[in-house]
Amino acid sequence: MREELLSLVTGCAREVGELQELELPSDLTPHTQLFGQQGLFDSVGLVGLVVAVEEAIEDQYGLSVTLADQRAMSQERSPFRTVGSLSEYAVKLIESSR
Amino acid sequence: MSDVAKGPVTVITGTSRGIGEHLAKHYLRLGHRVVGCSRRSLQWKHEQYIHHETDVSDEAGVKRLFADVRKRWNRVDHLINNAGLASMNHSLVTPFSTVHDIVQTNLVGPFLFCREAAKQMGKRRFGRIVNLTTVAVPLKLAGEAVYAASKAGVESLTQVLARELAEFGITVNAVGPVPIATDLIRGVPRDKIDHLLSLQAIPRMGTCQDVANVIDFFLRQESDMVTGQTLYLGGV
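For the structure given in this document, a descriptive report is provided here. The shown structure was predicted, so the numbers you read here are calculated from the model rather than taken from an experiment.

What counts and how
The numbering scheme is per chain: residues are counted from 1 as the chain's sequence reads. Ligands are numbered from 1 and chains lettered from A, in the order in which they are written. In view of the model being predicted, local features appear only for residues whose pLDDT reaches at least 70, and side-chain atom pairs are presented and counted only at 80 or more, with totals across whole chains, interfaces and linings using the full set of residues. Where side-chain values are given, they derive from all heavy atoms of the structure, hydrogens and water being excluded. Only protein chains enter the accessibility calculation, which uses a 1.4 Å probe; a residue whose area is less than 20% of its type maximum is buried, one above 50% is exposed, and one in between is partly exposed. Helical segments are the DSSP runs of H or I of at least four residues, strand segments are the runs of E of at least two, and each set is numbered from the N terminus. Our arc is simply the arc of the directions from the helix axis toward the C-beta atoms. The criterion used for residue contact is that any of the two residues' heavy atoms lie within 4.5 Å. DSSP bridges decide pairing: two strands pair if at least two such bridges lie between them. Handedness rule for crossovers: strands pointing away from the viewer, path from the first strand over the helix to the second running clockwise, crossover right-handed. Put simply, buried area is the surface a 1.4 Å probe can reach on two separate parts but cannot reach once they are joined, added for both. Here a salt bridge means any side-chain nitrogen of Lys or Arg lying within 4 Å of a carboxyl oxygen belonging to Asp or Glu. Under the rule applied, a polar contact is a pair of N or O atoms within 3.5 Å (in protein, one hydrogen donor and one hydrogen acceptor; residues adjacent in sequence only if both atoms are side-chain atoms). Each residue is assigned to one of three groups, with Ala, Val, Leu, Ile, Met, Phe, Trp, Tyr, Cys and Pro labelled nonpolar, Asp, Glu, Lys and Arg labelled charged, and all others, Gly among them, labelled polar.

Turning our attention to helix H6 (residues 190-198) of chain B. All names here are of chain B. Among the residues making up H6, those that are buried are Ile193, Leu196 and Leu197. For H6, the buried positions fall inside an angular range of 100 degrees around the axis, keeping them on one side. Exposed residues lying more than 90 degrees from the buried face of H6 are Asp191 and Ser198. Contacts made by the buried residues of H6 are with helix H4 (136-139).

Our next topic: the pairing of strand E1 (residues 9-13) of chain B. Where a strand is regular, its side chains alternate between the two sheet faces. Residue and element names in this part refer to chain B. Of all five residues in E1, five are buried; the element is thus mostly enclosed. By the alternation rule, side chains of E1 split into Val9, Val11 and Thr13 and Thr10 and Ile12, which are all buried. Inspection of the sheet shows E1 paired to strand E2 (residues 33-38) by five bridges, in the parallel sense. From the neighbouring strand, valine 9 faces E2, where its bridge partner is arginine 33. Crossover handedness for the path E1 to helix H1 (residues 18-29) to E2: right-handed.

A separate point is the interface of chain A and chain B. Of the residues lining the interface, 12 residues belong to chain A; the matching set on chain B comes to 11 residues. Between chain A and chain B lies a buried interface of about 970 Å² when both sides are counted; carbon and sulfur atoms form 44% of it. Looking at the side of chain A facing chain B, the largest losses of area belong to A:Val44, A:Glu55 and A:Glu58, adding up to 45% of the total buried there. At the surface where chain A touches chain B, the tally comes to five salt bridges. The shortest N-O distance in the salt bridge between B:Lys119 and A:Glu54 comes to 3.1 Å. Linking chain A with chain B are six residue pairs in polar contact (both at pLDDT 80 or more), by the criterion used here. Counted by class, the side of chain A that touches chain B contains five nonpolar, three polar and four charged residues.

In structure tokens:
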């Protein structure tokens, strides 16, 4: 499932990048930063990515999850830092919703 | 037929009766596809109308409603947060359960609907949100402490969301009706209503059409420079 989610998040990042007319690097890895100085997105883009990932999870797994939940917001290291950390967080949410 | 030709998608809460029912039928007449909700089942039908039986403060129910809209049409153009609960009581004899229910319906519900609607509106960089407030806020009506406080919260929500959502092409405004002959004010004594009317510049009861008229203005494409505003009827 980790690989599936990595690919789902990467796909959503590209989708949002296209909508925002951003030139994303050709190679998005788990270490690619989503937010901040070296990040792919500004705050609007990050919101768009969170929405896109929630919808993709609903379409692919039939589960309604909220990525920006209390647990995510209270973590010392934000799950929205990188492609990898967001994928990992999504895996945890899906596993706990089943 | 193109998606636009099928009409905009308008979500309205509290459509089983009163202002909400009027607004749903008004926008159906204008060719919108309307999605409504209420806690009770609906006594009327329309081929362009989809109904969800849900409490506006039930997060899972609200998410189900918007997931359904996304699967059907993948767009939300307008949201009208109409569902509301009122209780006329002196604060010293207001039960806690009443306080809880009013805040849940009047403030938590609109927040959930704004959040979920804006997720879909933002993708198309267009959206219009209109929240229902009340003249009880500026008039500071005795006997409506919790109701007025919950609606003051709605006005604050309107102003802050207007700023947060502007970059997504979404406007957020509010309309504050004067008393309208609906179930919401059924229990309010006549002398209280007369006193309230005397505080208005135009001292008559409002109508559902008065409310629809203001919302029509907020929903217009051309109203893209109008956001964060609360418009009270009757010159309050």
